[in-house]
Amino acid sequence: MATTGTPTNITQGSKTKGGIGESTLRPDGTLKVTGEFAYSSDMWHEDMLWGQTLRSTVAHAEIKSIDISEAVAMPGVYAVLTYDDLPTEVKNYGLEIQDTPVLAHGKVRHHGEPVALVAADHPETARRAAAKIKIEYAELPVITDEASATAPDAVLVHEGRDDHHIGHVPHPNIVHRQPIVRGDADEAAKRADVIVKGEYTFGMQDQAFLGPESGLAVPSEDGGVELYVATQWLHSDLKQIAPVLGLPEEKVRMTLSGVGGAFGGREDISMQIHACLLALRTGKPVKIVYNRFESFFGHVHRHPAKLYYEHGATKDGKLTHMKCKIVLDGGAYASASPAVVGNASSLSVGPYVIDDVDIEAIALYTNNPPCGAMRGFGAVQACFAYEAQMDKLAAKLGIDPVEFRQLNAMEQGTLLPTGQPVDSPAPVAELLRRVKARPLPPEQQWVTAGEQADVRALPGGLSNTTHGEGVVRGIGYAVGIKNVGFSEGFDDYSTAKVRVEVINGEAVATVHTAMAEVGQGGITVHAQIARTELGVTQVTIHPADTQVGSAGSTSASRQTYVTGGAVKNTCEHVREAVLEIGRRKFGSYHPAWATAELLLEGGKVVTDGGEVLADLADVLEDEAVELELEWRHRPTVAFDLRTGQGNGHVQYSFAAHRAVVEVDTELGLVKVVELSVAQDVGKALNPLSVVGQIQGGTTQGLGVAVMEEIIVDPKTAKVRNPSFTDYLIPTILDTPTIPVDVLELADEHAPYGLRGIGEAPTLSSTPAVLAAIRNATGLELNRTPVRPEHLTGTESS
Amino acid sequence: MRVNFTVNGRKQEADDVWEGESLLYVLRERMGLPGSKNACEQGECGSCTVRLDGVPVCSCLVAAGQVEGREVVTVEGLADYAKHREDAHPGGGCASGACGTSIDAAQRWQAKPLDGQTGEAGALSPIQQAFIDAGAVQCGFCTPGLLVAADELLERNASPSDQDIREALSGNLCRCTGYEKILDAVRLAAARQEEAV
Ligand code: FES
Ligand code: FES
């Protein structure tokens with residue numbers, strides 16, 4: 001209590017260290033660099049068994065019979081389960097529509113669908129036993145595209161649909177449809193001096209997180225189960241798992257184990273239910289770890305898409321109208337398709353002012369691999385197409401492509417096609433200006449002082465197949481808009497439990513949420529928020545589990561906004577409670593307790609004028625303050641199903657890219673020399689992490705521009721390249737320097753003014769690279785990824 | 001079969017090893033050393049990189065039987081390994097790794113010709129500290145493999161150019177970072193190493 005009687009002025013230096021706006025380091029960093037951090041695939045239990053999934057080898061078939069007798073008889077095998085072993089009437093799960101069978105029943109609808117499960121004492125025994133299960137299939141014709149899906153006599157992927165989307169679609173093989181009509185596009189088209197049309201194809205991208213789907217299920221004494229798993233949303237998993245197991249939610253206790261990346265690919269259930277079923281059946285802990293091959297079948301992918309666009313513009317460069325149809329292939333099960341349709345349609349015009357639009361987006365049911373969430377979520381595909389259109393229009397009008405975009409750039413107040421105003425800063429023109437103003441990287445970096453070219457700097461690198469003869473440079477630009485958070489009326493809340501107490505004479509805080517830390521750095525930011533709001537240095541982040549209320553998903557760029565907002569809000573209430581204790585104890589010592597605005601800083605109670613009133617430790621003594629509160633951002637509404645009108649989104653984030661590429665036109669090889677990016681983040685809570693997120697997102701966009709694609713055989717709907725040998729993701733040699741320019745224009749509606757940042761950089765990266773390749777080669781290039789055969793004109797099909 | 005080998009300086013014996021088991025499996029599931037990661041188990045991602053008699057290898061591609069009588073260093077032993085290297089070649093003085101070079105300075109840092117300088121000691125190896133400081137760790141799944149590869153690079157080449165770093169790490173995939181901060185981390189470790197001389 002030494003300070004209470006003798007107020008002193010606090011200096012700047014006594015502000016709490018490690019608060020928001022600082023590049024504090026990850027609390028899990030040391031564990032991660034020493035190999036001690038426990039990822040889900042590292043879980044281990046004495047006496048545990050290994051689970052293995054048997055997956056269908058065909059895409060669409062009736063299951064005639066399953067014979068497990070040989071597998072069951074193998075030594076070391078503890079259980080073999082099929083659909084018939086499911087314990088309750090609930091046999092399906094799903095994020096929005098419960099159409100995904102835990103194990104196939106009667107029919108398989110895509111290549112790699114789970115059909116049976118094995119538990120054994122060695123992973124190899126489990127694999128061999130699974131291989132001994134005999135399944136007889138009667139193959140059915142496969143539906144692989146819009147034409148085969150919507151033919152009047154098409155086989156239905158799901159007969160007897162009973163979800164609420166079915167009423168709004170023209171064919172049962174369409175999962176969801178969202179038209180958006182505003183103004184009169186036909187009328188406005190008459191004002192156009194030029195009209196461009198384009199048909200674009202976006203390939204199927206994979207999240208390719210490095211940590212495989214994995215986890216450990218441990219049966220508990222009360223008949224329930226404990227599940228340690230890598231996921232993006234514990235409570236959403238719980239809601240889908242418990243009913244299938246026939247257990248009340250309290251009996252399924254989930255704890256987040258270390259997550260090796262996610263990017264949307266862990267939003268759906270993978271091995272969770274399977275491990276629990278095997279554990280409950282055998283009475284032993286069961287661990288499942290997918291290998292990379294299985295991982296490609298174990299999660300949904302980014303929707304491949306066909307996009308048909310028409311834009312018009314006047315000769316002075318103003319956009320007149322836009323019409324588009326976006327066809328997303330959702331594959332065999334719905335996953336997040338309805339929401340992806342909502343995003344693709346509502347963001348299909350991009351960050352531009354166009355009053356007259358006619359839009360339709362649909363997602364198909366097919367026998368292709370199921371598609372769902374991936375970073376950028378529907379906005380990525382649209383951005384690829386509308387940015388190509390902008391370049392085409394600019395070229396036709398003879399206007400510089402950046403200038404053309406700036407002429408039409410949205411600003412704060414611009415209406416989206418849904419009629420919703422963008423009510424926060426929208427610095428689209430400025431972001432473009434910034435990437436354009438950046439000095440260009442030097443040309444022909446392979447030319448060295450001596451005679452010998454430095455082949456490492458050439459497209460193709462050390463393969464040493466050229467000395468630069470056919471290499472041309474190109475520059476391209478793109479910009480995009482992404483919504484933040486869950487839209488269309490979803491109750492997108494989060495919960496935080498915060499405790500402050502005195503330990504060893506120092507006030508410390510504990511933050512407990514169910515937020516999935518998937519690598520994005522949420523735990524770092526939560527500690528920063530608690531330090532800022534509570535003025536303590538020591539913050540412990542409690543492991544994420546289902547003992548606290550839902551945090552919602554670590555996706556949609558929402559977690560810092562929503563769970564960060566929940567932590568902030570709970571801290572504010574905790575602070576009030578702490579100050580109340582202070583007033584009670586010390587109120588009579590100093591009038592400021594009653595009259596001044598009080599803050600907690602550097603472990604002390606201070607006035608907004610900087611006067612110290614008390615030590616936090618003295619206020620609390622042995623009292624602890626703990627609160628658990630839910631927090632919501634402002635509500636949204638569903639889009640009208642016929643017109644698409646409605647205030648469906650919460651917030652937007654914007655990024656612009658400039659790509660510089662060098663293309664070897666003889667070999668069809670592309671080297672991205674530089675990919676610079678400018679993004680508005682509202683407020684950078686942790687600048688180091690912000691830049692890391694932007695660079696990571698940019699690289700995933702680069703990947704889908706030039707190499708990443710899951711190739712599905714159009715005749716059989718089988719996946720051809722489920723491996724890191726054949727599905728390529730960028731290496732450090734494929735990835736250029738990524739200079740990042742961060743803008744901080746606060747969104748007054750968001751905590752600290754922040755904007756979700758994770759997804760926006762994935763949008764414009766791809767079209768910028770494509771624009772640069774077009775600029776270098778003069779080719780039209782309407783599909784992504786671009787492959788050598790597209791550049792050399794040797795494409796076979 | 002039984003396999004005898006040294007892991008992180010300690011003699012180990014693994015019994016009942018099935019012929020098809022990889023070194024990665026033996027390390028993770030039998031030795032209780034899960035630091036080496038299992039991201040592809042097909043030699044494509046580098047997450048499982050360890051040093052086998054000093055040479056970086058994908059432990060998922062090494063049959064357990066092949067390591068009989070040999071020496072393995074995993075990420076769990078990296079700090080110790082760097083320390084012993086330091087004991088053998090004293091000279092570095094940066095115990096925590098945090099000896100004054102900022103990331104900005106490291107980014108401006110230019111590679112110099114090879115001078116045979118090696119690493120320095122600390123609770124964490126300099127490359128481990130640099131990965132944390134530079135923000136090169138996000139989900140961290142790629143990190144152990146990258147650390148082993150980067151440490152070997154710096155042992156061999158104390159002043160790597162960006163091209164050298166890219167070549168040395170081209171067998172290690174990272175899905176989160178976009179690699180820029182990984183480059184920063186290697187530059188930072190190299191710069192600190194140089195300053196410490
Ligand atoms: S796990 Fe060994 S290289 Fe990928
Ligand atoms: S793979 Fe996640 S940090 Fe590299």
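Residues numbered from 1 in each chain as written. Chains lettered and ligands numbered in written order. Predicted model: local features only at pLDDT ≥ 70, side-chain atom pairs only at ≥ 80, totals over all residues. Heavy atoms only, no water.

### Considerations on the overall build of chain A
In terms of helices and strands, chain A carries 19 helices and 31 strands. Against the 2.2 N^0.38 benchmark of 28 Å for 797 residues, chain A shows a C-alpha radius of gyration of 28 Å, consistent with a compact globule. Each principal axis of the C-alpha atoms in chain A carries an extent, and together these give about 85 × 75 × 65 Å. Buried residues in chain A amount to 64% of all 797 residues. Accessible surface, chain A as shown: approximately 27,600 Å² in total, 51% of it carbon and sulfur. Averaged over its 67 positive side-chain charges, chain A has a centre that lies 2 Å from the centre of its 101 negative ones. (Helix = DSSP H or I, 4+ residues; strand = E, 2+ residues; numbered from the N terminus. Rg over C-alpha atoms; globule rule 2.2 N^0.38 Å. Buried < 20%, exposed > 50% of the residue type's maximum accessible area, 1.4 Å probe, protein only. Areas by Shrake-Rupley, 256 points an atom, 1.4 Å probe, with all protein chains shown as cover. Lys, Arg positive; Asp, Glu negative; His and termini not counted. Charge placed at Lys NZ, Arg CZ, Asp CG, Glu CD.)

### Re the nonpolar core
Core analysis: the largest hydrophobic core is formed by 93 residues, its most contacted members being A:Tyr309, A:Ile326, A:Phe404, A:Phe654, A:Val769 and A:Ile773. Looking at this core, the element that brings in the most residues is helix α10 (residues 379–397) of chain A, giving 12 residues. In terms of nonpolar packing, the next biggest core, distinct from the first, is built from 56 residues, A:Ala59, A:Val719, B:Val75 and B:Leu169 among them. (Core = buried A, V, L, I, M, F, W, Y, C linked by side-chain atoms within 4.5 Å.)

### Regarding the packing of aromatic side chains
Going through the model one piece at a time under the given rule, you end up with 15 aromatic pairs over all chains. Here A:Phe37 and A:Tyr39 contribute two aromatic rings whose centre-to-centre distance is 4.8 Å and whose plane-to-plane angle is 70°, an arrangement assigned as edge-to-face. Comparing A:Phe37 with A:Tyr39 shows no difference in burial state: the two are buried. Between A:Phe296 and A:Phe724, the ring centres sit 6.2 Å apart and the planes meet at 90°, which makes this aromatic pair edge-to-face. Here A:Phe724 lies in the loop between α17 (687–706) and β30 (740–743) and A:Phe296 lies in helix α8 (residues 292–298), a separation of 428 residues in the sequence. A relative accessible area of 3% means that A:Phe296 is categorised as buried. By relative accessible area, A:Phe724 is classed as buried at 4%. Counting every residue linked through ring pairs, the aromatic cluster contains A:Phe37, A:Tyr39 and B:Phe141. The positively charged end of A:Arg558 is found above the aromatic ring belonging to A:Phe486, 5.6 Å away from the centroid. (Phe/Tyr/Trp six-rings, centres within 6.5 Å; stacked < 30°, edge-to-face > 60°. Lys NZ or Arg CZ within 6 Å of the ring centre and 35° of its normal.)

### Points about the packing of α10(A) against helix α11 (residues 401–408) of chain A
All names here are of chain A. As a packed pair, α10 and α11 sit with axes 9 Å apart at the nearest point and diverge in direction by 110°. Considered as vectors, α10 and α11 are oriented roughly perpendicular to each other. The segment α10 lies against α11, with Glu387, Met390, Asp391, Leu393, Ala394 and Leu397 engaging Pro401, Phe404 and Arg405. (Axes fitted to C-alpha atoms, helices over the stretch in contact; angles between N-to-C directions. Parallel < 35°, antiparallel > 145°, perpendicular 65-115°, else oblique. Contact = heavy atoms within 4.5 Å.)

### Notes on unusual backbone geometry
All names here are of chain A. A cis amide bond, omega 0°, links threonine 784 with the succeeding residue proline 785. Of note, proline 785 is situated in the loop between β31 (783–784) and α19 (788–792). Of note, leucine 781 is a non-glycine position whose phi angle comes to about 50°, a positive value. Among the secondary structure elements, leucine 781 is positioned in the loop between α18 (760–777) and β31. Owing to a relative accessible area of 10%, leucine 781 belongs among the buried residues under this scheme.

### Quick word on the interface of chain B and chain A
With 51 residues of chain B in contact, the opposing surface of chain A contributes 62 residues. Together, the buried faces of chain B and chain A total about 4,500 Å²; carbon and sulfur atoms form 58% of this surface. A salt bridge links A:Asp42 to B:Arg28; its shortest N-O distance comes to 2.8 Å. For the pair chain B and chain A, the number of links is 24 residue pairs in polar contact (both at pLDDT 80 or more). Those elements giving two or more residues to the side of chain B that touches chain A turn out to be α1 (23–30), α4 (126–134), α5 (143–156), α6 (162–168) and α7 (180–195) of chain B. Per-element accounting of the side of chain B that touches chain A gives the leading share, 5 residues, to α4(B). In terms of residue class, the side of chain B that touches chain A is built from 23 nonpolar, 14 polar and 14 charged. (Buried area = accessible area lost by both parts, 1.4 Å probe. Salt bridge = Lys/Arg side-chain N within 4 Å of Asp/Glu carboxyl O. Polar contact = N/O pair within 3.5 Å; in protein donor to acceptor, adjacent residues only side chain to side chain. Nonpolar A, V, L, I, M, F, W, Y, C, P; charged D, E, K, R; others polar.)

### Structural notes on the sheet that holds strand β5 (residues 71–73) of chain B
Backbone-to-backbone hydrogen bonds pair the strands of a sheet. The strands run either parallel or antiparallel. All names here are of chain B. Strands sit in the order β2-β1-β5-β3-β4 across an open sheet of 5 strands; the sheet is mixed. Edge positions in the sheet fall to β2 (10–14) and β4 (55–58), since each has one partner strand and no second. When the angles between neighbouring strand axes are averaged without regard to direction, this sheet yields 40°. Packed on one face of the sheet, α1 meets β1 (3–7), β2, β3 (49–52) and β5 and runs near 75° to β1. Contacts between α5 and the sheet are confined to β3 and β4, with β3 contributing the most and set at about 45° to the helix. (Pairing = 2+ DSSP bridges.)

### Looking at the UniProt feature "domain: Aldehyde oxidase/xanthine dehydrogenase a/b hammerhead" (unreviewed entry) in chain A
UniProt feature "domain: Aldehyde oxidase/xanthine dehydrogenase a/b hammerhead" (unreviewed entry): in the numbering of this structure it lies at residues 34–141 of chain A. The span residues 34–141 of chain A shows a helical share of 14% and a strand share of 35%, and its end C-alpha atoms are spaced 51 Å apart. (UniProt positions renumbered as here; feature names shortened; annotations may be inferred.)

### Overview of the packing of α11(A) against helix α12 (residues 428–437) of chain A
Residues and elements named next belong to chain A. Remark: α11 packs on α12, axes separated minimally by 9 Å, with the N-to-C direction vectors making an angle of 165°. With respect to their mutual orientation, α11 and α12 come out roughly antiparallel. α12 is crossed by α11, and the crossing has left-handed handedness. Residues Val402, Arg405 and Gln406 of α11 lie in contact with α12, whose contacting residues are Ala429, Leu432, Arg433 and Lys436. Broken down by class, the residue content of the contact of α11 with α12 amounts to 3 nonpolar, 1 polar and 3 charged. (Left-handed = near helix turned anticlockwise from the far one by under 90°.)

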